[in-house]
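# Reading the structure
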Amino acid sequence: MAKPKQTIVSPAKQARTGSDKSKGRADSDSPANVVRGAGGELHQQATGDQVRLTTNNGTVVSDDHNSLKAGPRGPVLLEDFVLREKLFHFDHERIPERVVHARGLAAHGFFELTDSLAKHTTAAILGETGVRTPVFVRFSTVAGNRGSADLARDVRGFAVKMYTSEGNWDIVGNNIPVFFIQDAIKFPDLAHAVKEEPDRGFPQAQSAHDTFWDWIAMTPEAMHMVMWQMSDRTIPRSMRMMQGFGVHTFRLIDAEGLSTFVKFHWTPKLGVQSVVWDEAVKINGADPDFHRRDLYNAIEAGDFPEWDLGVQLFSEAEADAFDFDHLDSTKVISEEVVPLRTIGRLVLDRNPTNVFSETEQVAFCTQNMPAGIDFSDDPLLHGRNFSYLDTQLKRLGSPNFHQLPINAPKCPFANMQRDGHMQMGLHPQRVTYTPSLLDPSGPREDPAKGFRSFAAPVEGPKLRQRSPTFADHYSQARQFFLSQTEPEQNHLVSALIFELSKVEALIVRAAMLGHLVNIDETLGERVAAGLGHDAPIVPAEPAVTTRTDLAAAPSLSILARFAPTLVGRKIGVLVTDGAEAALVADLMAAAKKAGATVEVIAPRVGGATLDDGARLAADHQLQGGPSVLFDTVVLAVSEAGVAALLNEAAAVAWVHDAFAHLKVIGASAAAEPLLAKAGVVADAGLVPLTDRAHVADYIKAAEAGRIWAREPSVRSVY
Ligand code: HDE
């Protein structure tokens with residue numbers, strides 16, 4: 001083998017190391033400052049004007065590696081305040097994780113209005129175009145604990161905090177436009193049902209178990225949301241490829257106090273994309289941090305994710321004409337019914353500096369709203385307005401949580417609230433009340449600019465009753481299913497089969513099938529066939545007749561609106577020693593042009609020596625870089641390299657999974673025996689790279705996404 005001439009760093013590595021990540025590395029860490037203690041332990045001591053390590057009291061610490069003892073082997077002394085303070089603080093490092101949405105990832109950025117809504121609202125953020133308002137966005141899964149895996153089948157939280165010039169505005173939304181329930185009083189039951197079962201402590205981050213489906217089977221209002229939950233929406237490819245929805249109807253209030261109803265939508269510039277279920281399961285093992293790594297790396301590389309903010313505006317009269325109640329959060333107003341008007345853009349351009357201080361301590365509250373925006377009467381929203389404030393007090397432990405830098409408004413704020421745990425403010429005023437003659441300059445209310453609730457007329461008997469206008473539980477669920485493309489319908493059926501196969505109580509399975517046939521008869525029958533459920537299905541009794549005349553709405557499908565692209569996508573290139581350097585170089589150039597990231601996988605992480613003698617550095621060793629981590633793959637291999645890989649299970653699985661996950665595969669001629677061993681059959685998604693000119697064909701095929709036509713040959717369709 002020729003001696004390596006030079007090392008080529010893979011483009012992915014270049015992008016990541018290009019940014020300034022050297023912060024925290026000090027010159028004083030040179031070996032000269034490193035001294036060995038009596039027990040052989042290494043100390044790094046401060047030199048010159050370097051910052052000194054101190055206790056929280058400011059006392060400089062002389063030795064951070066040895067507690068104070070009576071003699072070198074003697075008992076540790078209680079007098080050692082340095083040790084006690086260090087342990088005390090460590091013991092209290094955790095705060096209660098969120099009861100739902102515990103696992104989150106976040107980023108800073110800005111919102112910029114491009115189309116003014118000043119006609120409809122007095123809120124400056126929706127009236128002044130071109131102003132960049134700082135934002136902090138936290139994405140999350142719902143059911144799993146903080147340490148669970150990113151690719152759980154789950155709804156994703158999409159919570160946006162906008163630090164507007166008139167106070168913080170939090171749109172605490174999800175990546176699905178509807179919800180499971182119609183009344184906040186049912187939320188604790190939903191959360192208890194989906195979380196780990198309390199008598200055994202599992203399953204973690206999964207809805208595929210008895211208690212979840214038991215509760216769902218008894219909650220017909222959840223059926224529409226269940227359709228979305230079982231669709232590919234709940235296994236997103238990336239947080240950057242997900243829509244976000246405010247879910248509830250809100251109001252915009254103009255200068256005259258008039259109201260326009262509004263729904264908020266975030267639409268990703270990269271398009272909406274999901275993974276397939278088997279891939280999700282494997283990603284969870286290969287990289288449980290897949291989504292957070294993806295967002296972090298994209299932002300570090302300067303590929304800032306971006307979303308359009310769209311609004312659906314409608315009047316009270318238009319709302320009255322809908323064939324559903326827009327105050328019911330289990331219903332969607334499709335874009336076919338009220339079109340989206342794009343009014344601005346959201347860009348995420350900075351990773352958190354400290355995940356605990358920002359991602360963990362950020363406190364979203366649905367009631368954080370500037371004047372000019374208002375709540376509708378959605379009963380779910382009203383319950384949330386209590387719950388979020390309450391939960392922040394529990395988690396952050398002080399009513400002053402709004403003073404934490406990540407939560408504090410970036411506009412002036414002043415009132416007479418005082419004291420409390422962890423008060424950070426130094427309030428010099430003598431007067432801490434209003435009204436007052438003593439202090440005429442203190443903060444005062446402003447009826448003109450202040451928050452005004454829409455003067456909606458309210459009357460009626462006080463009662464506990466669900467509105468009869470909320471009673472149609474199946475029509476939109478059916479419309480959603482029928483709006484999906486064939487592969488999407490197949491996935492939804494498979495997801496239900498998987499989930500219900502994990503339900504041990506047959507009574508629950510049977511009840512669920514009763515709901516599914518109400519949504520669509522073939523849906524119920526297909527799921528029953530996949531479960532091997534032979535008993536007759538007894539349809540659930542609908543509260544009102546299910547509508548069968550709702551037209552399919554393409555806006556509800558991911559694939560119906562798929563636009564070919566490789567922007568933001570990742571190509572995994574498996575290389576071996578002796579691979580054709582010119583092919584690899586062409587591929588990398590073409591990928592870059594197409595907006596994709598390339599990561600190199602080699603049998604050894606030190607890289608591979610190509611046929612021109614140059615060493616190509618690898619991002620992953622074969623076992624650490626399975627093909628599930630990439631959108632599309634290339635085998636740039638030599639004959640000798642492939643011969644070695646044929647006896648490597650990880651290599652065969654790498655290729656087999658790429659094929660089974662319907663990915664486009666580019667393969668050099670030498671890859672043939674490996675393709676054959678992995679069971680790859682030639683189709684539109686297998687692009688031979690026998691000639692460098694074929695690189696363009698590969699890129700074009702890869703831009704078109706997965707090979708859905710291959711699916712029936714690799715997976716049962718019921
Ligand atoms: Fe939440 N929800 N929720 N939720 N939710 C919380 O607040 C709650 C609902 C959503 O990244 C909690 O700070 C009730 C709908 C997101 O920090 C808690 C009800 C939607 C996040 C809470 C709902 C959401 C939460 C837990 C029924 C989509 C994460 C920790 C009325 C529109 C925010 C916390 C973050 C978090 C209560 C329903 C989205 C307990 C009572 C509908 C994105 O307060």
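Before reading further, recall that the structure is shown in the block above.
Not measured: the values here are computed from a predicted model. (Residues numbered from 1 in each chain as written. Predicted model: local features only at pLDDT ≥ 70, side-chain atom pairs only at ≥ 80, totals over all residues. Heavy atoms only, no water.)

## A word on the overall build of the chain
Along its length, the chain carries 20 helices and 21 strands. Here the chain has a C-alpha radius of gyration of 29 Å; the compact-globule value for 718 residues is 27 Å, and the two agree. Along the longest, intermediate and shortest principal axes, the C-alpha atoms of the chain span 90 × 80 × 55 Å. Counting only residues that meet the buried cut, the chain has 50% of its 718 residues in that class. Here the contacts in the chain between residues at least 6 apart in sequence split such that 73% fall between residues at least 24 apart. Carbon and sulfur atoms make up 56% of the accessible area of the chain, which amounts to about 34000 Å² in all. Taken as two groups, the 70 positive and 88 negative side-chain charges of the chain have centres that lie 5 Å from each other. (Helix = DSSP H or I, 4+ residues; strand = E, 2+ residues; numbered from the N terminus. Rg over C-alpha atoms; globule rule 2.2 N^0.38 Å. Buried < 20%, exposed > 50% of the residue type's maximum accessible area, 1.4 Å probe, protein only. Contact = heavy atoms within 4.5 Å. Areas by Shrake-Rupley, 256 points an atom, 1.4 Å probe, with all protein chains shown as cover. Lys, Arg positive; Asp, Glu negative; His and termini not counted. Charge placed at Lys NZ, Arg CZ, Asp CG, Glu CD.)

## Points about the site of the ligand
Around the ligand lies a shell of 21 residues, among which Arg98, Arg138, Arg384, Tyr388 and Gln392 are the nearest. The separation between an oxygen atom of the ligand and a polar side-chain atom of arginine 98 is 2.7 Å. One nitrogen or oxygen atom from the side chain of glutamine 392 is found 3.0 Å from an oxygen atom belonging to the ligand. Counting residues per element, the ones that place at least two in the shell around the ligand are β6 (156-164), β7 (167-174) and α10 (379-396). Take the shell around the ligand: its biggest share by element is 6 residues, from α10. Partitioned by chemical class, the residues of the shell around the ligand number 11 nonpolar, 7 polar and 3 charged. (Near = heavy atom within 4 Å. Polar contact = N/O pair within 3.5 Å; in protein donor to acceptor, adjacent residues only side chain to side chain. Nonpolar A, V, L, I, M, F, W, Y, C, P; charged D, E, K, R; others polar.)

## Some points on the sheet that holds strand β19 (residues 632-636)
With parallel pairing, the 6 strands of this open sheet are ordered in space as β18-β15-β14-β19-β20-β21. Edge positions in the open sheet fall to β18 (620-621) and β21 (686-688), since each of these has one partner strand only. As judged from the 3 bridges shared by strand β20 (residues 665-667) and β21, these two strands associate in the parallel manner. Bridge pairing in β21 places alanine 667 opposite proline 688. (Pairing = 2+ DSSP bridges.)

## Quick look at the packing of helix α5 (residues 223-230) against helix α12 (residues 486-501)
Packing of α5 against α12 leaves a shortest axis separation of 8 Å and a crossing angle of 100°. One way to sum up the angle between α5 and α12 is to call them roughly perpendicular. Contacts from Val226, Met227 and Met230 of α5 reach α12 at His491, Leu492, Ala495, Leu496 and Glu499. Here the contact of α5 with α12 is built from residues that sort into 6 nonpolar, 1 polar and 1 charged. (Axes fitted to C-alpha atoms, helices over the stretch in contact; angles between N-to-C directions. Parallel < 35°, antiparallel > 145°, perpendicular 65-115°, else oblique.)

## Describing the pairing of β19
Within β19, 5 of the 5 residues are buried, leaving the element largely enclosed by the surrounding structure. Here 3 bridges tie β19 to β20, and the two strands are oriented parallel to one another. Bridging across to β20, valine 634 finds its partner in glycine 666.

## Some details on the environment of threonine 432
Turning to its location among the elements, threonine 432 is positioned in the loop between α10 and α11 (475-482). Judged by its relative accessible area of 35%, threonine 432 falls in the partly exposed class. The sequence separation of threonine 432 and glycine 74 amounts to 358 residues, and the corresponding C-alpha distance is 56 Å. Setting aside its immediate chain neighbours within four residues, threonine 432 contacts Met416 and Arg418.

## Re the packing of α12 against helix α14 (residues 521-531)
Closest axis-to-axis distance for the α12/α14 pair is 9 Å, and the angle between their directions is 50°. By the criterion of interaxial angle, the relationship of α12 to α14 is oblique. Two packed elements cross with a definite hand, and for α12 against α14 that hand is right-handed. On the side of α12, the interface is formed by Gln489, Asn490, Leu492, Val493, Leu496, Ile497, Leu500 and Ser501, while α14 contributes Leu523, Arg526, Val527, Gly530 and Leu531. (Left-handed = near helix turned anticlockwise from the far one by under 90°.)

## Side note on α14
All buried positions along α14 are accounted for by Leu523, Gly524, Arg526, Val527, Ala528 and Leu531. Check the buried side of α14 and you find it contacts α5, α11, α12 and α13 (506-519). A positive phi of about 70° marks glycine 532, the residue just after α14.

## Description of the state of the cysteines
Across all of its chains, the model carries 0 disulfides by this definition. Lacking any disulfide linkage, cysteine 411 is separated from the closest cysteine sulfur, that of cysteine 365, by 15 Å. (Disulfide = S-S within 2.5 Å.)

## Some words on unusual backbone geometry
Most of the time, phi is negative for any residue but glycine, and the peptide bond is trans. For the bond from phenylalanine 202 to proline 203, the omega torsion is 5°, close enough to zero to count as cis. With respect to the helices, strands and loops of the structure, proline 203 is situated in the loop between α3 (187-194) and α4 (210-217). Each neighbour pair has its own omega, and for threonine 434 with proline 435 the value is -5°, a cis peptide bond. If you trace the backbone, proline 435 turns up in the loop between α10 and α11.

## Some remarks on the pattern of salt bridges
For the structure on display, the rule yields 34 salt bridges. The salt bridge involving glutamate 279 is made with lysine 663; its shortest N-O contact spans 2.6 Å. Here the residue glutamate 279 occupies a position in helix α6 (residues 277-286), and lysine 663 occupies one in the loop between α17 (649-660) and β20, the gap between them amounting to 384 residues. Considered together, glutamate 279 and lysine 663 belong to a single accessibility category, that of buried residues. A salt bridge links arginine 547 to aspartate 549; the nearest nitrogen and oxygen atoms lie 2.9 Å apart. In this structure arginine 547 comes out as partly exposed when scored by relative accessible area, which is 28%. It is possible to trace a salt-bridge network through shared partners that takes in Glu112, Arg132, Lys269, Glu306, Asp308 and Arg345. (Salt bridge = Lys/Arg side-chain N within 4 Å of Asp/Glu carboxyl O.)

## Quick word on the packing of aromatic side chains
Applying the stated criterion across every chain, the model contains 16 aromatic pairs. An angle of 5° between the planes, with centres 6.3 Å apart, marks the rings of phenylalanine 158 and tryptophan 266 as stacked. Of this pair, phenylalanine 158 sits in strand β6 while tryptophan 266 sits in strand β10 (residues 259-268), and the two are 108 residues apart along the sequence. Each member of the pair, phenylalanine 158 together with tryptophan 266, is buried. Centre to centre, the rings of phenylalanine 180 and phenylalanine 212 are 6.2 Å apart; their planes meet at 85°, and the pair counts as edge-to-face. Placement of phenylalanine 180 in the loop between β7 and α3 and of phenylalanine 212 in helix α4 is noted, with a sequence separation of 32 residues between them. Exposure class is identical for phenylalanine 180 and phenylalanine 212. Each is buried. Members of the aromatic cluster, connected to one another through ring pairs, are Phe111, Phe139, Phe158, Trp266 and Trp307. The ring of phenylalanine 110 has arginine 132 sitting right over it, with the charged end atom 4.0 Å from the ring centre. Across from the ring centre of tryptophan 277, 5.0 Å away, lies the NZ or CZ of arginine 153, which sits over that ring. (Phe/Tyr/Trp six-rings, centres within 6.5 Å; stacked < 30°, edge-to-face > 60°. Lys NZ or Arg CZ within 6 Å of the ring centre and 35° of its normal.)

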